[in-house]
Amino acid sequence: MLCRINLVHKVVDISDDFPPQTISAWPNPSAATDASARVTELLQKLRADDPAWILLLTAAQIEAQFRILAQRGGGATLPLYGIPFAVKDNIDVEGLPTTAACPEFSYIAKTTAPVVQRLLDAGAILLGKTNLDQFATGLVGTRTPYGAVPNVFNPRYISGGSSAGSASVVARGQVCFALGTDTAGSGRVPAGFNNVVGLKPTRGWLSTRGVLPACRTLDCVSIFALTVEDAALVASVAAGPDEDAYSRTPPPSALTKRLPARPTLGVPLQPKWFGDTKAETAFTLACAKFEAMGAKLAPLDFTPLFAVAALLYQGPWVAERYAAIEGFIKENPQAIHPVLRGIIGKATQFDAVALFKAQYKLAELKRTCDALLAKVDALLVPTTPAIYTIEEIDANPVELNSRLGTYTNFVNLLDWCALSLPAGFRSDGLPSGVTLIGPAWADAALAEFGQRWQRHAPWTLGATGKPIPAGEKALPFPPAQRVRVAVVGAHLSGMPLNGQLTERGAVLAEQTTTSADYQFYALPGTVPPKPGLVKTGRGAPIMVELWDMPVEAFGSFVALIPSPLGIGTLTLADGRQVKGFICEPWATAGAREITSFGGWRAFMAETARANPPKS
């Protein structure tokens, strides 16, 4: 038997007192009975009048999930064993109804969506299905007959949507994570409004088979969690190749990429705030914190991005929403939320010619937008430019909803990925979120930088007021592939060319010396002054710095090295061999040998003492 939530048409205060539920802090049960009892106890605390839920499982159904896991060998080796989670009610789970927040549309799913099944197979325990803007069309969380989902910090305000319920139950500690969907920002806007992490993956990395489409070519399954590492762990478990036509596998090494130690982040040159000065102030403060952690902010003209965003609802892509429920909307138009009827009804205004013209326009804009993104390491935007009360949304549902998608609508159309992060609170006590945006398959890079932000500006967990648990967990992505490079001269720390390393994300690993097989020379006529290191079999140890550089940046670095210098293999004092600077022997003719100084820094210091600046 299913425990169905009664239909409500009023906003319900969903404040409650749950402890924060993070995967890393979830107690490791000593036995399956302990895990089952803990989840069942959690289930019993959930309230039947909570509009964040459309459907709750019963205690018997929870026990059945644990029995299945026991038959498969128990939880010792399962990464998510006993972890409670929820799914948005446009995602299929075998034997449960999928309503998409439209009771008349409801059907019993015959199979479980692969993205859910992978989580169940990893030991996660499903508690129920969450409320949403009907048919996943909206960024507000109010377009549902199951009751508007209020903001967890102030019930007068919207929760954001369409994945309203998923964000709400994570923010309040009712589950450790929840699945949503994201077509125009549905996995990011509610994350920003409820002080949680919202991961919008690269399209196709998580299968959308078994997900009722909104716009099938753009849809993504998104993840809500309280920390970056929890969201990344869930993504790594749920992702994988699938027979879905839109499923994709990351290119080789894609998930090993990272942002530089001091990245350049593109921010809007002329940001839109629609009069919300509190949102503007909060973003300005967040930007200052990003700069304090070493990021460089580069203002960019977002005009082409906004032009892409306009295509989503003003162009023929709205026909995809119509196609997803064509038969139902023809036979049951009155069952559709009136605002949605007006939006989806626009689909009949477009024909195939309009579709192709829009695709051509998108292709042109994408070239421009990709070039814009290539100027920086990632984009940094406010997750939304404003927030509204439920009353304001009810009075002006279309225009205000459109404003909320200002910094989200273009991402899926451009085949980019995004990560929404908590960024403190506004002066009115409401959360402020920021979003990192990168190209397709930058998921691991954004997560790693997001974790750096989490470390630099730690947030309280959702609406619980509790701090992030101590003991940061490693991200579940392959380590970044790096080349260790030994530098001996102008690239040393503090030297003129050191920026060629740092701007490529290279990190200083250690200082050491070469073996005693090298002679060292000051090359004449070089600007800035440079040394030459030559292996002759006689000489002395020479001081070097070892820098770890991302593999993908190594080629561009080598291309900067002028003759007679080059990159070869150096032998260190302890016998290790690394890539490093070498010099062609012919260039040392007439050069001053400086081997006795033991390194370039000592030589340059002596040169400065011998040639003090003239007053």
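Residues numbered from 1 in each chain as written. Predicted model: local features only at pLDDT ≥ 70, side-chain atom pairs only at ≥ 80, totals over all residues. Heavy atoms only, no water.

1. Quick word on the sheet that holds strand β20 (residues 565-571)
And step 1. With respect to topology, five strands assemble into an open sheet ordered β16-β19-β15-β21-β20, the strand pairing being mixed. Every other strand in the sheet has two partners, leaving β16 (507-513) and β20 as the edge strands with one partner each. For this sheet, the mean angle separating the axes of adjacent strands, direction not counted, is 35 degrees.
And step 2. Where β16 lies against strand β19 (residues 543-550), six bridges are found, and the strand directions are antiparallel. Among the inter-strand pairings, T513 is bridged to a residue of β19, identified as M543.
And step 3. Along the sheet, helix α18 (residues 551-558) makes contact with β15 (482-487), β19, β20 and β21 (577-583), crossing β19 at roughly 125 degrees. (Pairing = 2+ DSSP bridges. Helix = DSSP H or I, 4+ residues; strand = E, 2+ residues; numbered from the N terminus. Axes fitted to C-alpha atoms, helices over the stretch in contact; angles between N-to-C directions. Contact = heavy atoms within 4.5 Å.)

2. Some words on the nonpolar core
What tends to happen in soluble globular proteins is that the nonpolar side chains get buried as a cluster.
And step 1. Ranked by internal contacts, the top residues of the largest apolar core, which has 110 residues, are V116, L119, F177, L179 and L380.
And step 2. Ignoring anything within four residues of it in the chain, the contact list for L119 reads L80, F85, A124, F177, L179, V234, V237 and A238. (Core = buried A, V, L, I, M, F, W, Y, C linked by side-chain atoms within 4.5 Å. Buried < 20%, exposed > 50% of the residue type's maximum accessible area, 1.4 Å probe, protein only.)

3. Digging into the environment of T264
And step 1. Here T264 is to be found in strand β10 (residues 264-268).
And step 2. Sequence-wise, T264 and K296 are 32 residues apart; in three dimensions their C-alpha atoms are separated by 4.6 Å.
And step 3. If near-sequence neighbours (up to four positions away) are discounted, T264 is found in contact with K296, A298, V376, D377 and A378.

4. Some details on unusual backbone geometry
And step 1. S162 follows G161 through a cis peptide bond whose omega is 5 degrees.
And step 2. Here S162 shows up in the loop between β6 (125-130) and α4 (164-171).
And step 3. Geometrically, the link from V527 to P528 is a cis peptide bond, its omega value of -10 degrees lying close to zero.
And step 4. The residue P528 is located in the loop between β17 (518-523) and β18 (530-535) in this model.

5. Considerations on helix α16 (residues 443-456)
And step 1. Between the first and last C-alpha of α16 there are 20 Å, a value that for 14 residues agrees with the 20 Å anticipated at 1.5 Å per step.
And step 2. Taking burial as the measure, the 14 residues of α16 include twelve buried ones, the bulk of the element.
And step 3. Buried within α16 are the following residues: D443, A444, A445, L446, A447, E448, F449, G450, Q451, R452, W453 and Q454. (Expected span 1.5 Å × (residues − 1).)

6. Thoughts on the sheet that holds β18
And step 1. Taken in spatial order, the three strands make up an open sheet running β18-β17-β22, and their pairing is antiparallel. The sheet is open, and its two edges are formed by β18 and β22 (592-593), each paired on a single side.
And step 2. Sheet topology places β17 next to β18; six bridges connect them, and they run antiparallel. Bridge pairing links Y518 to K535 in β18.
And step 3. Sitting on the sheet, helix α19 (residues 600-610) touches β17, β18 and β22, and the angle it makes with β17 is about 40 degrees.

7. Some words on the environment of G568
And step 1. Position of G568 among the secondary structure elements: in strand β20.
And step 2. Judged by relative accessible area, G568 falls into the buried class, the value being 12%.
And step 3. Along the sequence, G568 and I582 sit 14 residues apart, while their C-alpha atoms lie 6.0 Å from each other.
And step 4. When sequence neighbours within four positions are dropped, the list of residues in contact with G568 reads V578, K579, G580 and I582.

8. With respect to helix α6 (residues 228-238)
And step 1. The buried fraction of α6 amounts to nine of the eleven residues, a majority that puts the element mostly inside the structure.
And step 2. Buried within α6 are the following residues: V228, E229, D230, A231, A232, V234, A235, V237 and A238.
And step 3. As for α6, its buried residues are in contact with α3 (114-121), β7 (177-182), β8 (197-200), β9 (220-225), β13 (416-425) and α16.
And step 4. Phi turns positive, to about 155 degrees, at G240, one or two residues after α6.

9. Structural notes on the side chain of S222
And step 1. Here S222 is to be found in strand β9.
And step 2. Classification of S222 by relative accessible area gives buried; the value is 0%.
And step 3. A polar contact is formed between the side chain of S222 and the backbone nitrogen of T181, at a distance of 3.5 Å.
And step 4. If we skip the residues at most four places from it in the chain, S222 touches A178, L179, G180, T181, D182, G187, L199 and P201. (Polar contact = N/O pair within 3.5 Å; in protein donor to acceptor, adjacent residues only side chain to side chain.)

10. Thoughts on the pattern of salt bridges
And step 1. Counted by the stated rule, this structure contains 23 salt bridges.
And step 2. Two residues, R216 and D244, come together in a salt bridge whose shortest N-O distance is 3.3 Å. Of this pair, R216 sits in the loop between β8 and β9 while D244 sits in the loop between α6 and β10, and the two are 28 residues apart along the sequence.
And step 3. Looking at R216, the relative accessible area reads 39%, which means it is partly exposed.
And step 4. A salt bridge links D574 to R576; its shortest N-O distance comes to 2.8 Å.
And step 5. What emerges from the salt-bridge pattern is a single network uniting R484, E510, D548, D574 and R576. (Salt bridge = Lys/Arg side-chain N within 4 Å of Asp/Glu carboxyl O.)

11. Some remarks on the packing of aromatic side chains
Remark: the centre distance and the inter-plane angle together describe each pair of aromatic rings, the angle taken between the planes.
And step 1. Taken as a whole and judged by the stated rule, the model has 19 aromatic pairs.
And step 2. Measuring from ring centre to ring centre gives 6.0 Å for F302 and F306, while their planes differ by 55 degrees; the resulting arrangement is tilted.
And step 3. On the basis of relative accessibility, which here comes to 17%, the residue F306 falls in the buried class.
And step 4. Its end group placed over the ring of W26, R38 keeps NZ or CZ at 4.2 Å from the ring centre. (Phe/Tyr/Trp six-rings, centres within 6.5 Å; stacked < 30°, edge-to-face > 60°. Lys NZ or Arg CZ within 6 Å of the ring centre and 35° of its normal.)

12. Quick word on the environment of S168
And step 1. As for its position among the elements, S168 is in helix α4.
And step 2. Since its relative accessible area comes to 0%, S168 is described here as buried.
And step 3. Residues S168 and R72, 96 residues apart in the sequence, show an inter-C-alpha distance of 32 Å.
And step 4. In terms of polar contacts, S168 uses its side chain to reach the side chain of R172, at 3.1 Å.

Everything listed here is a matter of geometry and, on its own, says nothing about what the molecule does.
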